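# Descriptive analysis of the structure
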Amino acid sequence: IAVALLGILGGLLLEKGSIQDVAQATAAMIVMGGTLGAVLVTTPLPVFLRACKGLGSAFFERGSSTATTIDAMIQYATKARKNGIVSLESEAASITDPFLRKALNLAVDGTDLQELRKMMELDIYLSEQASEAEAKVWEAAGGYAPTIGIIGAVMGLIQVMKNLEDIKAVGHGIAVAFVATLYGVASANIFFLPVANKLKGRIRALSLLKDLTLEGVVGI
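What comes next is a walk through the structure. (Residues numbered from 1 in each chain as written. Predicted model: local features only at pLDDT ≥ 70, side-chain atom pairs only at ≥ 80, totals over all residues. Heavy atoms only, no water.)

So, about the environment of alanine 175. As for its placement among the helices and strands, alanine 175 is situated in helix α9 (residues 167-219). Judged by relative accessible area, which is 47%, alanine 175 ranks as partly exposed. (Helix = DSSP H or I, 4+ residues; strand = E, 2+ residues; numbered from the N terminus. Buried < 20%, exposed > 50% of the residue type's maximum accessible area, 1.4 Å probe, protein only.)

Here it is as structure tokens:
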């Protein structure tokens, strides 16, 4: 985000522009307020709140890596081969990953292999659906923001039309009117859509890790 803003604002300054040219509080209010309202109409409130709460995962890595999970599964498999699968009951209690803990507990309890796989695959599916719903909140915002920006520009041009007798005011007014479009397009392509795509990437990586974990438990 910082690199994108540096490139855009740096180009503006090199073109003899000024930060004040694009610093319009009313344009920002129109775009952000209108986008927020449209997203709230589209999205159920609990999903919207979850999306806001989970925004940090777009910027920070969470959870264990694939290599760490593989090493853990090998350790569990070795212990189960030597001491029996029931010996993993004490290990399961200390596992922080809820998916792995649930799968291991089902295995230790003697759950039928097909039933275990079916339950855990359903768990993965439901988790994916919930996470994708959150990512779609930011995707929706990226779709609405440019259009709201155009609405802001039209509103600005309406005000310009009221003062056509003053050519200087008309030129200044048109410049200000297009700032709303700039805000809409920039927020969509620098923040909303990239965040949505990053979250989708995180979802795919987590699902792959869960698939790997499930196959490891089934193998044990």
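Here the narrative resumes.
Our next topic: the nonpolar core. What tends to happen in soluble globular proteins is that the nonpolar side chains get buried as a cluster. Ranked by size, the top nonpolar core spans 20 residues in total, and within it Tyr76, Leu100, Leu104, Leu116, Met120 and Val217 carry the most contacts. Listing elements by their share of this core, those giving two or more residues are α5 (66-83), α7 (98-108), α8 (113-161) and α9. With seven residues, the top contributor of residues to this core is α7. Residues within four places of leucine 104 in sequence aside, it is in contact with Tyr76, Leu88, Ala92, Ile95 and Val217. Listed in part, the 17 residues of the second largest apolar core include Leu55, Ala58, Ala135 and Phe192. (Core = buried A, V, L, I, M, F, W, Y, C linked by side-chain atoms within 4.5 Å. Contact = heavy atoms within 4.5 Å.)

As a further point, take the pattern of salt bridges. Applying the stated criterion to the full structure yields seven salt bridges. Two residues, aspartate 123 and lysine 102, come together in a salt bridge whose shortest N-O distance is 3.3 Å. Of this pair, aspartate 123 sits in helix α8 while lysine 102 sits in helix α7; the two residues are 21 residues apart in sequence, bridging distant segments of the chain. Residue classification places aspartate 123 among the partly exposed positions, given a relative accessible area of 24%. (Salt bridge = Lys/Arg side-chain N within 4 Å of Asp/Glu carboxyl O.)

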